[in-house]
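An overview of the molecular structure
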Amino acid sequence: MYYDLAASIVRLPQNKSAIDLLTQHEFVWAEYGEELAQWATIASNTPGLEPVSARVSGGKTRYTYKGKSVVVPLEESRNDNLISVYTLSQLVREDAELRMCTDTTGNSEQAFLVLPPAQWMRLEDECGTEAVRFRFFALPPSLKAFFAQAFVAENLHMYDQD
């Protein structure tokens, strides 16, 4: 289901925005603290994935997935939505990889597509690694690297208005 969506986005001509496809399908959006609810919807449609729970204790938020638990390093800033999504991505990375859709790089909220790692590899094999990278930014292994790399000019796409 989500693989076909990813392939449709990657196969768009590079001068066309994918925003219409993004607003019609399930993504994890870095907005308003809805990432766990969006993840739960995606997990319910993807074999092998489970919901992530959140618990706040002592002023810290902790996410738990399949018995593993991590503290979300929130800063009480505008970056908290992205930090939450990034933390989610690291927690579930053995089962699913979240990649940021580069067509949302310049927006106030960013969309992340969820696929099992094997499906991302298949998409790269079928469509080409560069074509996938043009549309989807693979999250680096550290939060600091994510903020340093995600919003660079090469990930910012400007399209003519149709």
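Residues numbered from 1 in each chain as written. Predicted model: local features only at pLDDT ≥ 70, side-chain atom pairs only at ≥ 80, totals over all residues. Heavy atoms only, no water.

Examining the sheet that holds strand β5 (residues 97–101)
Taken in spatial order, the four strands line up as β1-β6-β5-β7 in an open sheet, and their pairing is antiparallel. Every interior strand has two partners, whereas the edge strands, β1 (28–29) and β7 (136–138), have only one. Where β1 and strand β6 (residues 111–115) come together, two bridges link them in antiparallel fashion. Following the sheet pairing, Val28 is matched in β6 by Phe112. Relative to β6, helix α1 (residues 2–10) is tilted by about 130°, and along the sheet it contacts β6 and β7. Packing against the sheet, helix α4 (residues 80–92) makes contact with β1, β5 and β6, and its axis sits at approximately 145° to β5. (Pairing = 2+ DSSP bridges. Helix = DSSP H or I, 4+ residues; strand = E, 2+ residues; numbered from the N terminus. Contact = heavy atoms within 4.5 Å. Axes fitted to C-alpha atoms, helices over the stretch in contact; angles between N-to-C directions.)

Regarding the sheet that holds strand β2 (residues 53–57)
If you trace the three strands from one edge of the open sheet to the other, you get β2-β3-β4, paired in antiparallel fashion. Two strands lie at the open edges of the sheet, namely β2 and β4 (68–72), each paired on one side alone. Within the sheet, the average angular offset between the axes of one strand and its neighbour, ignoring direction, is 25°. For strand β3 (residues 60–65) and β4, the ladder comprises five bridges, and the chain directions are antiparallel. Residue pairing for β4: Thr61 is matched across the bridge by Val72. Together, β3 and β4 form the strand contacts of α4, whose direction differs from that of β4 by roughly 160°.

Concerning the pairing of β3
The alternating pattern of β3 places Thr61, Tyr63 and Tyr65 on a buried face, while none of Lys60, Arg62 and Thr64, on the opposite face, is buried. Hairpin geometry of β2 and β3 is characterised by an intervening segment of two residues between the two adjacent antiparallel strands and by a positive phi of about 60° at Gly58. (Buried < 20%, exposed > 50% of the residue type's maximum accessible area, 1.4 Å probe, protein only.)

Some words on the packing of α1 against helix α5 (residues 117–127)
At a minimum axis distance of 11 Å, the contact between α1 and α5 shows a crossing angle of 35°. Considering the relative orientation of α1 and α5, their crossing is right-handed. Contacts from Tyr3, Ala6, Ala7 and Val10 of α1 reach α5 at Gln119, Arg122, Leu123, Glu126 and Cys127. Split by residue class, the contact of α1 with α5 holds six nonpolar, one polar and two charged. (Left-handed = near helix turned anticlockwise from the far one by under 90°. Nonpolar A, V, L, I, M, F, W, Y, C, P; charged D, E, K, R; others polar.)

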